Structures are given as C-alpha cells and as structure tokens.
Amino acid sequence: MTKHKIYTMSFASVYPHYVKKAEKKGRTKTEVDEIIRWLTGYNQEELEAHLEKKTDFETFFAEAPELNPSRAMIKGVICGVRVEDIEEPTMQEIRYLDKLIDELAKGKAMEKVLRKS
C-alpha cells in the first residue's frame, strides 16, 4: 500500500498556509506555534529546527517528543472526515492539527482550542 502524499510533504511547505489562514482571521503566528507545540510537545527551537530542515509530516509526528494526551478530545469534521474516526495514526495527527488551526481561524478562544478546562 502506498503512503498518502502528505506524509512525504515537507511540514515547512504547509506551515505558511496554517499561519496565513490564522492571520487572515485576525489570529497570530504565535498562536499557531502554540497549537503545534501543545499538540506535539516540541519546544519553539525544535519546531523552528524542523521547519528549517524541511522535515516531512511523517517524520515530524514520529519524532514528536510527547503527543498531547488531550488530543483525543479533538472531535469534528475536517476535509469531510470525522477526525475521531481516522484509523491511520499519522493521518489522524495531521488532521488533528488541521482541526485545531480551523478552530483558531474560526475565532475560538485558545483555552478551548487547547482543550483546557
């Protein structure tokens, strides 16, 4: 079975789209970075190093220091698919990130986006 092409895409090639989507709705790059760090456990320096190295999505998530256990609380539809129903782990992580960026762009408070009580 061949891998989905997003697995081999550079995270750095998609990252500007996340930032643009957020900024278009009055949110910030800092908030996008916070979401990514919350989801993956990377610190800012590690995140920037992966962007600089142009790490592919599969490696980016495989090397994540600590995927946030609260990510299981992320529910809803992204690209026509319920994120909680995605069976392939790497694809689910990618779609979790997509969903969080969507929520940010839709104006949700950071506390809600980051599943804080």
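Residues numbered from 1 in each chain as written. Predicted model: local features only at pLDDT ≥ 70, side-chain atom pairs only at ≥ 80, totals over all residues. Heavy atoms only, no water.

Colleague: What is the right way to read a negative patch on the surface from this model?
Modeller: Taken together, E45, E46, E48 and E52 make up a surface patch of like negative charges. Mapped onto the fold, E52 is located in helix 4 (residues 44-53). Judged by relative accessible area, which is 70%, E52 ranks as exposed. (Patch = residues over 30% accessible without salt bridge, like charges linked within 9 Å, V, L, I, M, F, W, Y side chains within 5 Å. Areas by Shrake-Rupley, 256 points an atom, 1.4 Å probe, with all protein chains shown as cover. Salt bridge = Lys/Arg side-chain N within 4 Å of Asp/Glu carboxyl O. Lys, Arg positive; Asp, Glu negative; His and termini not counted. Charge placed at Lys NZ, Arg CZ, Asp CG, Glu CD. Helix = DSSP H or I, 4+ residues; strand = E, 2+ residues; numbered from the N terminus. Buried < 20%, exposed > 50% of the residue type's maximum accessible area, 1.4 Å probe, protein only.)

Colleague: Honestly, helix 2 (residues 11-24) in this entry has me stumped. Any pointers?
Modeller: In an α-helix, one full turn covers 3.6 residues, which means residues spaced three or four apart are oriented alike. Taking 1.5 Å of rise per residue, 14 residues should cover 20 Å, and helix 2 covers 20 Å from first to last C-alpha, within 8% of that figure. Turning to helix 2, its buried residues number three or more, namely F11, A12, V14, Y15, Y18, V19 and A22. Down the axis of helix 2, the smallest arc covering the buried residues is 155 degrees, so these residues share one side. The exposed set on the far side of helix 2, more than 90 degrees from its buried face, consists of H17, K20 and K24. In this fold, the buried residues of helix 2 make contact with helix 3 (29-40), helix 4, helix 5 (57-62) and helix 6 (89-105). Just past helix 2, the residue G26 takes up positive phi, approximately 85 degrees. (Expected span 1.5 Å × (residues − 1). Arc of directions from axis to C-beta. Contact = heavy atoms within 4.5 Å.)

Colleague: Would you take a moment to explain the packing of aromatic side chains for this structure?
Modeller: Here a ring pair, both rings aromatic, is described through the centre-centre distance and the interplanar angle of the planes. Evaluated as defined, the whole model comprises seven aromatic pairs. Seen from their ring centres, F11 and Y15 are 6.2 Å apart, and the 45 degrees between their planes marks the pair as tilted. Of this pair, F11 and Y15 are both found in helix 2, four residues apart, which corresponds to roughly one turn of the helix. A residue is classified by how much of its surface remains accessible, and Y15, at 8% relative accessible area, is buried. Centroid distance F60 to F61: 5.4 Å. Interplanar angle 85 degrees. Geometry classified as edge-to-face. For the pair formed by F60 and F61, the shared burial category is buried. (Phe/Tyr/Trp six-rings, centres within 6.5 Å; stacked < 30°, edge-to-face > 60°.)

Colleague: Is there a simple way to explain the pattern of salt bridges in this structure?
Modeller: Pairing is possible between side chains that carry opposite charge, provided their charged atoms lie close to one another. According to the stated counting rule, one finds eight salt bridges in the structure shown. Between K21 and D102 there is a salt bridge, with the nearest N and O atoms lying 2.2 Å from each other. A residue pair is termed long-range when its members are at least 10 positions apart, and K21 in helix 2 and D102 in helix 6 qualify at 81 residues. Judged by relative accessible area, K21 falls into the partly exposed class, the value being 36%. Note that D33 is salt-bridged to K29, the shortest N-O span being 2.9 Å. One end of the pair, D33, and the other, K29, are both in helix 3, four residues apart, so they sit about a helical turn from each other. Its relative accessible area of 3% is what places D33 among the buried residues. Among the charged side chains, a network of salt bridges with common partners joins E103, K108 and R115.

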